[in-house]
Amino acid sequence: VPNFSDRRDALNSLTGGLRPEEVEYLYGRAQQVAAGVIVEIGSFRGKSAATMALGVMDGPRPETRIFCVEPHEHFRGVFGGIFGPQDRGPFYETMVRFGCSHLVSLVGIKSEVAAAGWREPIGLLFIDGDHTYPGVKKDAELWLPKLLVGGLVVFDDATHARCGVPQVVKEVEETGAYESVQATGTMAAFRRIR
Ligand SMILES: C[S@@+](CC[C@H](N)C(=O)[O-])C[C@H]1O[C@@H](n2cnc3c(N)ncnc32)[C@H](O)[C@@H]1O
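This one's a predicted model, so the numbers in the text were calculated from it and none came from an experiment. (Residues numbered from 1 in each chain as written. Predicted model: local features only at pLDDT ≥ 70, side-chain atom pairs only at ≥ 80, totals over all residues. Heavy atoms only, no water.)

1. Some words on the site of the ligand
Link 1 in the chain: Around the ligand, 19 residues are found, and the nearest of them are Gly-42, Ser-48, Glu-70, Ser-111 and Asp-128.
Link 2 in the chain: One nitrogen or oxygen atom from the main chain of Gly-17 is found 3.3 Å from an oxygen atom belonging to the ligand.
Link 3 in the chain: With respect to the ligand, the backbone of Gly-42 contributes an N or O atom lying 3.0 Å from a nitrogen atom.
Link 4 in the chain: When the ligand is considered free in solution it has 600 Å² of accessible area, and contact with the protein chains removes 94% of it.
Link 5 in the chain: Taken together, the elements giving at least two residues each to the shell around the ligand come down to helix 3 (47-57) and helix 5 (111-116).
Link 6 in the chain: Of the residues that constitute the shell around the ligand, the class distribution is six nonpolar, seven polar and six charged. (Near = heavy atom within 4 Å. Polar contact = N/O pair within 3.5 Å; in protein donor to acceptor, adjacent residues only side chain to side chain. Areas by Shrake-Rupley, 256 points an atom, 1.4 Å probe, with all protein chains shown as cover. Helix = DSSP H or I, 4+ residues; strand = E, 2+ residues; numbered from the N terminus. Nonpolar A, V, L, I, M, F, W, Y, C, P; charged D, E, K, R; others polar.)

2. Some thoughts on the sheet that holds strand 8 (residues 178-181)
Link 1 in the chain: One open sheet accounts for seven strands, arranged 5-2-1-6-7-9-8; its pairing is mixed. Each of the sheet's edge strands pairs with one partner strand only, and the pair in question is strand 5 (104-107) and strand 8. Taking each pair of neighbouring strands and ignoring which way they run, the sheet shows an average axis angle of 20 degrees.
Link 2 in the chain: Pairing geometry for strand 8 and strand 9 (residues 188-192), over four bridges, is antiparallel. Residue Ser-180 lies in a different strand from strand 9, and its bridge partner there is Phe-190. (Pairing = 2+ DSSP bridges. Axes fitted to C-alpha atoms, helices over the stretch in contact; angles between N-to-C directions.)

3. Quick look at the pairing of strand 1 (residues 37-41)
Link 1 in the chain: Along strand 1, five of the five residues are buried, which leaves the element largely enclosed by surrounding structure.
Link 2 in the chain: In terms of strand pairing, strand 1 meets strand 6 (residues 122-127) through five bridges, oriented parallel. Bridge pairing in strand 6 links Val-37 to Ile-122.
Link 3 in the chain: In terms of strand pairing, strand 1 meets strand 2 (residues 66-69) through four bridges, oriented parallel. Within strand 2, the position partnered with Ile-38 by the bridge is Ile-66.
Link 4 in the chain: Considered for its hand, the β-α-β crossover made up of strand 1, helix 3 and strand 2 is right-handed. (Buried < 20%, exposed > 50% of the residue type's maximum accessible area, 1.4 Å probe, protein only. Right-handed = clockwise from strand over helix to strand, strands pointing away.)

4. What to know about the side chain of Asp-156
Link 1 in the chain: Tracing the backbone through its elements, the reader meets Asp-156 in the loop between strand 7 (147-155) and helix 7 (165-174).
Link 2 in the chain: For the buried residue Asp-156, which engages in no salt bridge, the nearest side chain bearing the opposite charge is Arg-19, 7.3 Å off.
Link 3 in the chain: Polar contacts involving the side chain of Asp-156 include one to the side chain of Thr-186, which spans 3.1 Å.
Link 4 in the chain: Discounting chain neighbours no more than four positions away, the residues touching Asp-156 are Leu-18, Glu-22, Phe-126, Ile-127, Asp-128, His-131, Val-165, Thr-186 and Met-187. (Lys, Arg positive; Asp, Glu negative; His and termini not counted. Salt bridge = Lys/Arg side-chain N within 4 Å of Asp/Glu carboxyl O. Contact = heavy atoms within 4.5 Å.)

5. Points about the state of the cysteines
Among covalent bonds in proteins, the disulfide is the one between the sulfur atoms of two cysteines.
Link 1 in the chain: In the structure shown here, the tally under the stated rule is zero disulfides.
Link 2 in the chain: Cys-68 takes part in no disulfide bond, and the closest cysteine sulfur, belonging to Cys-100, lies 8.7 Å away.
Link 3 in the chain: Taking the relative accessible area as the measure of exposure, Cys-68 reaches 0% and is therefore buried. (Disulfide = S-S within 2.5 Å.)

6. A short note on unusual backbone geometry
With the exception of glycine, most residues fall at negative phi, and the peptide bonds are largely trans.
Link 1 in the chain: One non-glycine residue, Phe-44, lies in the positive phi region at around 50 degrees.
Link 2 in the chain: By the element assignment, Phe-44 lies in the loop between strand 1 and helix 3.

7. Digging into helix 6 (residues 133-143)
Link 1 in the chain: The set of residues buried in helix 6 consists of Gly-135, Val-136, Asp-139, Ala-140 and Trp-143. Looking straight down helix 6, one finds its buried side chains confined to an arc of 130 degrees; they lie on one side. When the buried face of helix 6 is taken as reference, the exposed residues oriented beyond 90 degrees from it are Pro-134 and Glu-141.
Link 2 in the chain: If you follow the buried residues of helix 6, they end up packed against strand 1, strand 2, helix 5, strand 6, strand 7 and helix 7.
Link 3 in the chain: Near the N-terminus of helix 6, the side chain that reaches the backbone nitrogen of Gly-135, with its oxygen 3.0 Å away, is that of Thr-132. (Arc of directions from axis to C-beta.)

Structural data, given as structure tokens:
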């Protein structure tokens, strides 16, 4: 049975955007999901997805599913990162290596395409896809309505002024429908309150 304390170093050595304290944080949030599924926008090679899966497996609802919305199409990120079809194999390898392919499903299409048909209520939403302002704004507009009241949304790179995330986070806060909760590293997190 996979166990987080044994797998922490292996997780942290994976190629991906999360710092060690962010891995801890995401693991803990996934462990605490009380209802609904987990959805991640932007999965790359599966570091955050495996992190959340280990949290689920170590928590009270080990059947909670994790849907990774990631097209693995040619994409250049705002910080210069190059992403594409070459990342899909490593994504699957990560799921097998960390023993979580029974929980994690790759939804291999763009966020905006997947959102159109999405019906499953979400308990934890991790937004880490296109970091441009229009990209993050669209992800927030399309996916936040699917978050359960009481559910948590986590934005990565929310402290990076050179991308669109801080502005979208500010706008989410201004709706009054979310309460800011403690996060770590570059992340910002909110609980839906109505
Ligand atoms: C910073 S990486 C994600 C890192 C990942 N969460 C990790 O833990 O390593 C951003 C990802 O967003 C994906 N992406 C870009 N546009 C997208 C879109 N419209 N819908 C979903 N994913 C998208 C890219 O393919 C890329 O893999």
